[in-house]
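Close look at the chain arrangement
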Amino acid sequence: YRTRTGARVVVTDELGIAVAVSGDEARRGDDFSTRPEIAAALNGTPSAGRRSSETLGGDIVYVAVPVLSGALPVGVVRLTYSASNVDDRVSDKVRGIIVVGLISLCAGALAAALMAATIVRPLRRLQRATEQVAAGNFASRAVIDEGAPEIRGLATSFNTMTEKISTLVER
């Protein structure tokens, strides 16, 4: 398990004496009963957290679980990792999430800009046609075959109104 994940593994008996260890930091027969996580697990309570380790000379992240025979603890399995190693792995994952978030944000902004342009273009053409009519060009007409149905309906109404105004002005 240590080779695959980098965890330091300690298995103790019911007294907290190591019966199996990985790595060079500990040996079989070492007493681990004074370690807070081992003591808690020997009382039947799993524990996990972060603490300073004098043996390893830095912070560790640990999990210790009791090995039960029925309801009685007969030992403990403890896994520890260097806190800096865990922090580095978490930082890598957070950076990956941030990159994915930024890519998603950019893609969303691009899609929104394209959708907005598609909606606004027919409105701008209609606005130009109204400005031409306001300037006295009654031959100006709005394009009625593009945009949302509401914009098409508005363009049709505008063209009908412009036709009526043009007819009235000619009379």
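For the structure given in this document, a descriptive report is provided here. (Residues numbered from 1 in each chain as written. Predicted model: local features only at pLDDT ≥ 70, side-chain atom pairs only at ≥ 80, totals over all residues. Heavy atoms only, no water.)

**Topic: the side chain of S47**
- In this fold, S47 is placed in strand β3 (residues 47-53).
- Taking the relative accessible area as the measure of exposure, S47 reaches 15% and is therefore buried.
- Separated by 3.5 Å, the side chain of S47 and the backbone oxygen of E37 make a polar contact.
- If we skip the residues at most four places from it in the chain, S47 touches E37, A40, Y62, V63 and A64. (Helix = DSSP H or I, 4+ residues; strand = E, 2+ residues; numbered from the N terminus. Buried < 20%, exposed > 50% of the residue type's maximum accessible area, 1.4 Å probe, protein only. Polar contact = N/O pair within 3.5 Å; in protein donor to acceptor, adjacent residues only side chain to side chain. Contact = heavy atoms within 4.5 Å.)

**Comments concerning the packing of helix α3 (residues 83-134) against helix α4 (residues 149-170)**
- Packing of α3 against α4 brings their axes to within 11 Å, and their N-to-C directions diverge by 10°. When the axes of α3 and α4 are compared, the pair comes out roughly parallel. Two secondary-structure elements touch here, α3 through I119, P122, L123, L126, A129, T130 and V133 and α4 through I151, L154, A155, F158 and T162.
- Class assignment for the residues of the contact of α3 with α4 results in 10 nonpolar, two polar and no charged. (Axes fitted to C-alpha atoms, helices over the stretch in contact; angles between N-to-C directions. Parallel < 35°, antiparallel > 145°, perpendicular 65-115°, else oblique. Nonpolar A, V, L, I, M, F, W, Y, C, P; charged D, E, K, R; others polar.)

**Regarding a nonpolar patch on the surface**
- On the surface, a nonpolar cluster with roughly 450 Å² of combined accessible area is contributed by V90, V94, I98, L102 and L105.
- Here L105 shows up in helix α3.
- Judged by its relative accessible area of 56%, L105 is exposed. (Patch = residues over 30% accessible without salt bridge, like charges linked within 9 Å, V, L, I, M, F, W, Y side chains within 5 Å. Areas by Shrake-Rupley, 256 points an atom, 1.4 Å probe, with all protein chains shown as cover. Salt bridge = Lys/Arg side-chain N within 4 Å of Asp/Glu carboxyl O.)

**Thoughts on the environment of D145**
- Structurally, D145 can be placed in the loop between α3 and α4.
- In this structure D145 comes out as exposed when scored by relative accessible area, which is 59%.
- Expressed as a C-alpha distance, the spacing of D145 and A155, which sit 10 residues apart in the sequence, is 8.9 Å.

**Structural notes on α4**
- With 22 residues, α4 should reach 32 Å at 1.5 Å per residue; the first-to-last C-alpha distance of 32 Å fits that figure.
- Considered for burial, the residues of α4 that qualify are I151, A155, F158, N159, T162 and S166. The buried residues of α4 all sit within an arc of 100° when viewed along its axis, so they share a single face. Those residues of α4 that are exposed and angled more than 90 degrees off the buried face are P149, E150, K164 and L168.
- The inward-facing, buried residues of α4 contact α3. (Expected span 1.5 Å × (residues − 1). Arc of directions from axis to C-beta.)

**Considering α3**
- For α3, which comprises 52 residues, the first-to-last C-alpha distance of 73 Å matches the rise-based estimate of 76 Å (1.5 Å per residue) to within 8%.
- Where α3 bends most, the angle comes to about 30°, and this point is V120, followed within four residues by the proline P122.
- Every buried residue of α3 is listed here: A83, P122, L126, A129 and V133.
- One or two positions beyond α3, positive phi appears at G136, with a value near 105°. (Bend = angle between axes of the 7 residues up to and from the residue.)

Honestly, that's just the spatial picture; any functional story needs more than this.
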